[in-house]
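# Coordinate inspection notes
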Amino acid sequence: MKKITVWNRKGGVGKTTICINLAYELYKKGKKVLCLDLDGQANLTSFFEADIKGVSKPDLARILDANSNFLHIPSEDREIGNGIYQSRYSGIHFIQGARESEQINGTPLSLLDDLLEQTAQKYDFCVLDCHPDFSGLSRSAVYTADLVLVPILLDGFSRDNLNLVAEDILRIEEIAGYEIPFAAVANRVMNRKSQRQIYEDITYRHDYPVLQTCIRDYAVVGNALLLKKPISEHRKSSPPALDFQDLTFELLQKMQKKGVA
Ligand SMILES: Nc1ncnc2c1ncn2[C@@H]1O[C@H](COP(=O)(O)OP(=O)(O)OP(=O)(O)O)[C@@H](O)[C@H]1O
Ligand SMILES: [Mg+2]
């Protein structure tokens, strides 16, 4: 199972939107995908809410807590498999997020890595949707990643912020003792001169690893989310649907080149 952690310290850059659409595109390519909602806001979970159908399973906070606090929680909650729901797409499974995951203190860096090992044989990919921070849980998600995908907006703040993002990943790499590949992807792109300049700046002047695929800014992306549909299902031939297909293709190619998929 290859793990793609979708992370940025910054909020509102499209992490959850990308997780949902990436998971769907991978599924359309015949891959089995596990989605993990690490964000206390639980936006990914609300996308899949209808598929929970009133069945109560331990959420991610409970599973993580059970794995770091053995004293008070029933041992069955330690097993990741007990928290996995089947979504309406046969090849996409998910684990619910919960507000309490923000309160888990002292998360060991390897917590998610150890946990995901339990289910590694069942999936081709795991897509992890992070909270916009660099908390213990986000660090653990970066640590376990085969690839960290960093959505960015093409504005001055995002450009300046990329430096921090690269430093954060480097810090985890130093502890891990191996390379953790990362790639930025520009989201909400309009054909504006200022955005083109920033894209060139981060790609050629700063030499950050930025994907060639950009996700264009279209209202239809938000509309699809409101209808709880991936964009390719809602408007198959719309420009952002094509962008998500290209993104998935480019990511798979990149991971194959790096020998991780
Ligand atoms: N390509 C796009 N075109 C138009 N709207 C978009 C696009 N990508 C994301 N959005 C909109 O931007 C908003 C933020 O997206 P999203 O919730 O995915 O960001 P996030 O990084 O997960 O936020 P948070 O940090 O709060 O978790 C949403 O309303 C979404 O519909
Ligand atoms: Mg989000």
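In the block above lies the structure referred to throughout.
One structure accompanies this document, and this report is about it. None of the values given here were measured: they were computed from a predicted structure. (Residues numbered from 1 in each chain as written. Chains lettered and ligands numbered in written order. Predicted model: local features only at pLDDT ≥ 70, side-chain atom pairs only at ≥ 80, totals over all residues. Heavy atoms only, no water.)

## So, the state of the cysteines
Disulfides are covalent bonds that link the sulfur atoms of two cysteine residues. The following threshold applies: Put simply, a disulfide is two cysteine sulfurs that come within 2.5 Å. Only protein chains enter the accessibility calculation, which uses a 1.4 Å probe; a residue whose area is less than 20% of its type maximum is buried, one above 50% is exposed, and one in between is partly exposed.
This model, assessed by the stated rule, comprises zero disulfides. In this model Cys-19 remains outside any disulfide bridge; the closest cysteine sulfur is found in Cys-35, 6.9 Å from its own. Cys-130 takes part in no disulfide bond, and the closest cysteine sulfur, belonging to Cys-19, lies 7.5 Å away. For Cys-130, a relative accessible area of 1% puts it in the buried group.

## Quick look at the nonpolar core
Rule in force here: Among the buried residues, those of types Ala, Val, Leu, Ile, Met, Phe, Trp, Tyr and Cys that are joined through side-chain atoms within 4.5 Å form a nonpolar core. Helix and strand definitions follow DSSP, with helices as H or I runs of at least four residues and strands as E runs of at least two, each counted in order from the N terminus. Residue contacts are counted whenever heavy atoms from the two residues lie within 4.5 Å of one another.
Judged by nonpolar contacts, the single largest core of 49 residues is most densely connected at Leu-36, Leu-38, Leu-112 and Val-148. Per element, the largest residue contribution to this core is five residues, and it comes from helix H6 (residues 156-176). Ignoring any residue separated from it by four or fewer positions in sequence, one finds Leu-38 in contact with Leu-60, Ser-101, Leu-112, Leu-128, Asp-129, Cys-130, His-131, Leu-137 and Ala-141. Leu-22, Leu-26, Phe-94 and Leu-252 belong to the second largest nonpolar core, which has 36 residues in total.

## Overview of the sheet that holds strand S5 (residues 125-129)
We count it as follows: Here the rule is simple: two strands pair whenever DSSP picks up at least two bridges between them. All axes are obtained by fitting lines to C-alpha atoms, using only the stretch in contact for helices, and the reported angles, taken between N-to-C directions, cover 0 to 180 degrees.
Spatial strand order, S3-S4-S2-S5-S1-S6-S7: seven strands in an open sheet with mixed pairing. The sheet terminates laterally at strand S3 (84-86) and strand S7 (182-187), the two strands that pair on one side only. The average angle at which neighbouring strand axes cross in this sheet is 25°, direction not considered. In terms of strand pairing, strand S6 (residues 147-153) meets S7 through six bridges, oriented parallel. What sits directly across from Val-148, in S7, is Phe-182. Strands strand S1 (2-6), strand S2 (33-37), strand S4 (92-95), S5, S6 and S7 of the sheet are contacted by helix H1 (residues 15-28), whose axis makes an angle of about 165° with S5.

## With respect to the environment of Gly-259
Within the fold, Gly-259 resides in the segment after helix H10 (239-257). The exposed category is assigned to Gly-259, whose relative accessible area is 60%. A C-alpha to C-alpha distance of 29 Å links Gly-259 and Leu-44, two positions 215 residues apart in sequence.

## Quick look at the site of ligand 1
Note the cut-off: One heavy atom suffices: a residue is near a molecule or strand as soon as one of its heavy atoms comes within 4 Å of it. Whenever two N or O atoms come within 3.5 Å, that pair is a polar contact, provided that in protein one can donate a hydrogen and the other can accept it, and provided that, for residues adjacent in sequence, both atoms are side-chain atoms. Exposure was quantified through the Shrake-Rupley algorithm and a 1.4 Å probe, taking into account, for residues, occlusion by the shown protein chains and nothing else. Residue type decides the class: Asp, Glu, Lys and Arg count as charged, Ala, Val, Leu, Ile, Met, Phe, Trp, Tyr, Cys and Pro as nonpolar, and the leftover types, Gly among them, as polar.
Taken together, the neighbourhood of ligand 1 is formed by 19 residues, with Lys-15, Thr-16, Thr-17, Asn-187 and Arg-216 sitting nearest. Contacts to ligand 1 include Gly-12, whose backbone N or O atom sits 3.0 Å from an oxygen atom. At 3.3 Å, a side-chain N or O of Gln-41 approaches an oxygen atom of ligand 1. Isolated, ligand 1 exposes 640 Å² of accessible area, and the fraction of that covered by the protein chains is 81%. Counting residues per element, the ones that place at least two in the shell around ligand 1 are H1 and helix H8 (219-226). Among the residues forming the shell around ligand 1, the class breakdown is six nonpolar, eight polar and five charged.

## Details of the packing of helix H5 (residues 136-144) against H6
Formally: The sense of a crossing depends on the near helix, which, turned anticlockwise from the far helix by less than a right angle, makes the crossing left-handed and, turned clockwise, makes it right-handed.
Interaxial distance between H5 and H6 falls to 10 Å at its minimum, and their mutual angle equals 65°. Between H5 and H6 the crossing geometry is right-handed. Taken together, the residues of H6 that come into contact with H5 (itself represented by Arg-139, Val-142 and Tyr-143) are Ile-169, Arg-171, Ile-172 and Ala-176. For the contact of H5 with H6, a count of residues per class yields five nonpolar, no polar and two charged.

## A few points about H6
Applied cut-off: What a helix is expected to span follows from its residue count: subtract one and scale by 1.5 Å. The angle between axes fitted to the seven-residue stretch ending at a residue and the seven-residue stretch beginning at it gives the bend at that residue.
For H6, built from 21 residues, the straight-helix expectation of 30 Å at 1.5 Å per residue is met to within 8% by its first-to-last C-alpha distance of 31 Å. Within H6, the axis deviates most sharply at Leu-162, by approximately 25°. Listing the buried residues of H6 in full gives Ser-158, Asn-161, Leu-162, Val-165, Asp-168, Ile-169, Ile-172, Glu-173 and Ala-176. Tucked inside the fold, the buried residues of H6 contact H5, S6, S7 and helix H7 (193-205).

## Examining the packing of aromatic side chains
Quick note on the threshold: A pair of Phe, Tyr and Trp rings is counted when the ring centres sit within 6.5 Å of each other, with Trp represented by its six-membered ring. The angle between the planes then sorts it: under 30 degrees is stacked, over 60 is edge-to-face, the rest tilted.
For the structure shown, the criterion picks out eight aromatic pairs. Ring geometry for Tyr-24 and Tyr-27: centres 5.9 Å apart, planes at 55°, overall tilted. A residue pair is termed a helical-turn pair when its members lie 3 or 4 positions apart in one helix, as Tyr-24 and Tyr-27 do in helix H1 at three residues. When its relative accessible area of 5% is taken as the criterion, Tyr-24 is described as buried. Between Phe-48 and Phe-94, the ring centres sit 4.8 Å apart and the planes meet at 15°, which makes this aromatic pair stacked. Taken together, the residues Phe-48 in the loop between helix H2 (43-47) and helix H3 (60-68) and Phe-94 in strand S4 connect sequence positions 46 residues apart. Accessibility assignment for this pair places Phe-48 and Phe-94 in one class, buried.

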